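What follows is the residue order along each chain.
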Amino acid sequence: MEHPLTQYIHPGCPPFDIREYEMTGGYAAVRKALGSMTPKEVQTLVKDSGLKGRGGAGFSTGIKWGVVPMDEHAPHPKYLIANADEMEPGTFKDRLLLEGNPHQLIEGMILAAYAIQAGVSFIFLRWAYKKAAQLLRRSIHEAYVAGFLGKNILGSGFSLEMYLHTGVGRYMCGEETALLNALEGKRATPRAKPPYPQISGLYGKPTIVNNVETLCNIPHIVNNGVEWFKGLSYSEDSGTKLYGVSGKVNNPGCWELPMGVTIRELIEEYAGGMKNGYQLKGVLPGGASTDFLTAEHLDIKMDFTDVQKAGSRLGTGTMVVMDDATCPVGFVHNLQHFFAQESCGWCTPCREGLPWVEKMLLSLEQGTGTAEDMELLEMHTHMLGPGNTFCALAPGAMEPLQSALKYFKDDFEKHISLHKCPYE
Ligand SMILES: Cc1cc2nc3c(=O)[nH]c(=O)nc-3n(C[C@H](O)[C@H](O)[C@H](O)COP(=O)(O)O)c2cc1C
Ligand code: SF4
């Protein structure tokens with residue numbers, strides 16, 4: 001089994017410096033692309049590889065790049081941004097890449113910037129990732145000194161500046177248009193789309209925002225080609241994926257595996273199964289803003305298509321396991337507390353609705369809730385659903401709630417009939 005993204009990552013050991021990175025084949029893809037490929041050829045290669053964005057939505061990376069204006073009259077400069085905000089509860093996959101092999105991300109960014117002919121790039125980093133910030137600063141400096149960043153890279157005529165920007169710690173800044181506002185020094189609220197950032201992004205110029213894991217795949221695709229990348233997967237979605245498992249399992253962690261391993265393999269083989277005395281009650285397959293799946297879904301492939309068919313989303317691919325000793329009402333209340341706190345307040349349904357949802361769940365959890373509260377919660381899952389809010393934060397928040405009401409209805413009802421939490 002190949003692990004292109006993590007083969008040189010050994011948690012606990014310092015990452016490669018630029019010399020070590022180059023000794024293991026690092027920056028060969030930059031030499032290849034800038035030396036012998038046109039930007040359009042890099043775009044086509046990435047499109048043909050079938051790479052889908054690893055930031056949550058799973059949109060084709062090559063198609064997204066293909067929207068950027070490329071003719072000689074295209075606005076200037078264009079921007080490339082690595083989204084390293086990673087604040088989705090339960091998600092810690094990009095951290096592994098940032099701390100484990102920062103040059104791999106920088107190389108992916110140079111290639112992506114070349115493909116769209118961006119002259120300026122940013123890494124938008126979660127403020128709490130202090131170690132990653134330190135390592136990235138050192139690695140960017142090394143890349144400048146080695147001539148992989150700056151003017152006329154490797155004599156190719158292509159130039160790229162790279163900056164590290166640390167956010168101030170809001171979940172909302174991970175949404176790509178709020179991220180653009182934050183980078184411009186404005187309030188981090190999302191922008192109306194269209195126009196999409198590919199046409200009018202940072203400072204009104206064409207901009208691509210890609211997730212860290214997405215970008216880390218690019219050097220390997222350029223080096224090894226389309227068929228190799230497709231062959232890494234067990235499913236129709238190409239490549240490998242960083243999967244995570246957290247909760248009451250024996251060996252919580254993050255692993256790079258072929259796209260399409262099953263939920264069962266992840267929990268039982270890699271995470272070592274449930275801890276003694278605990279049974280699996282539900283699982284959020286792709287982070288906090290995805291719908292619950294249950295034990296009946298264990299044999300589903302963890303890829304974009306199959307998880308969606310089962311009624312949820314692959315999201316970030318980092319799953320949160322809920323055990324049978326954990327109260328689903330309390331669990332979902334905890335999530336809604338986070339989402340209500342992180343609402344940017346820009347649109348009314350989310351700003352007003354999420355605190356109400358949190359309040360009703362707390363009331364149910366404390367045994368003072370009523371059957372009417374359950375109806376109201378149900379109603380909120382529609383009112384805050386897709387199409388009713390300005391961005392995907394609120395609809396994402398509704399996913400664990402709507403599926404908890406479906407799969408764990410009995411638990412909600414017991415809180416009402418017993419006037420207390422049955423898990424106490
Ligand atoms: C509230 C919210 C938070 C988000 N946080 C992140 C994040 O931390 N990292 C990320 O890559 N994408 C995040 N996204 C998705 C981005 O908007 C965007 O789709 C992604 O960065 C695109 O990269 P990709 O095409 O490589 O997947 C978030 C979306 C929303 C609605
Ligand atoms: S859905 Fe929430 S986070 Fe998104 S714009 Fe509206 S208030 Fe802000």
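One can find the structure itself at the top, above this paragraph.
Residues numbered from 1 in each chain as written. Chains lettered and ligands numbered in written order. Predicted model: local features only at pLDDT ≥ 70, side-chain atom pairs only at ≥ 80, totals over all residues. Heavy atoms only, no water.

A. View of the site of ligand 1. Around ligand 1 lies a shell of 18 residues, among which Gly55, Lys64, Glu86, Asn211 and Thr214 are the nearest. Between an oxygen atom of ligand 1 and a side-chain N or O atom of asparagine 210, the distance comes to 3.0 Å. For ligand 1, the protein covers 87% of the area, taking 620 Å² as the surface of the free molecule. For the shell around ligand 1, the element with the most residues is strand E4 (residues 207-211), which contributes three residues. (Near = heavy atom within 4 Å. Polar contact = N/O pair within 3.5 Å; in protein donor to acceptor, adjacent residues only side chain to side chain. Areas by Shrake-Rupley, 256 points an atom, 1.4 Å probe, with all protein chains shown as cover. Helix = DSSP H or I, 4+ residues; strand = E, 2+ residues; numbered from the N terminus.)

B. Layout of the pattern of salt bridges. In the structure shown here, the tally under the stated rule is 22 salt bridges. Salt-bridge contacts for lysine 93 lead to glutamate 213; the nearest nitrogen and oxygen are separated by 2.9 Å. Linking lysine 93 in helix H5 (residues 93-100) with glutamate 213 in helix H9 (residues 212-224), this pair joins segments that are 120 residues apart in sequence. The residues lysine 93 and glutamate 213 share a single accessibility class, namely buried. (Salt bridge = Lys/Arg side-chain N within 4 Å of Asp/Glu carboxyl O. Buried < 20%, exposed > 50% of the residue type's maximum accessible area, 1.4 Å probe, protein only.)

C. Spatial organisation of the sheet that holds E4. Strand order in the open sheet formed by four strands is E3-E2-E1-E4, with parallel pairing between adjacent strands. In the strand order of this sheet, the two ends are held by strand E3 (161-166) and E4, each with one partner. Across the sheet, the mean angle separating the axes of adjacent strands is 20° when strand polarity is ignored. In this structure, strand E1 (residues 79-84) lies alongside strand E2 (residues 120-125), joined through six bridges in parallel fashion. Bridging across to E2, alanine 84 finds its partner in leucine 125. The strands touched by helix H7 (residues 130-145) are E2 and E3; relative to E3, the strand with the most contacts, the crossing angle is about 170°. (Pairing = 2+ DSSP bridges. Axes fitted to C-alpha atoms, helices over the stretch in contact; angles between N-to-C directions. Contact = heavy atoms within 4.5 Å.)

D. Highlighting the packing of aromatic side chains. The tally for this structure, following the rule as stated, stands at 15 aromatic pairs. Ring centres 5.8 Å apart and planes at 50° place the aromatic pair phenylalanine 292 and phenylalanine 331 in the tilted group. With phenylalanine 292 in the loop between strand E7 (280-284) and helix H12 (304-309) and phenylalanine 331 in helix H13 (residues 328-342), the pair connects residues that are 39 residues apart, well separated along the chain. With respect to burial, phenylalanine 292 and phenylalanine 331 carry one shared label: buried. Every member of this aromatic cluster is reached through a ring pair, and the members are Tyr79, Phe122, Tyr163 and Tyr203. One Lys or Arg, lysine 359, reaches over the ring of tryptophan 356 and ends 4.8 Å from the middle of that ring. (Phe/Tyr/Trp six-rings, centres within 6.5 Å; stacked < 30°, edge-to-face > 60°. Lys NZ or Arg CZ within 6 Å of the ring centre and 35° of its normal.)

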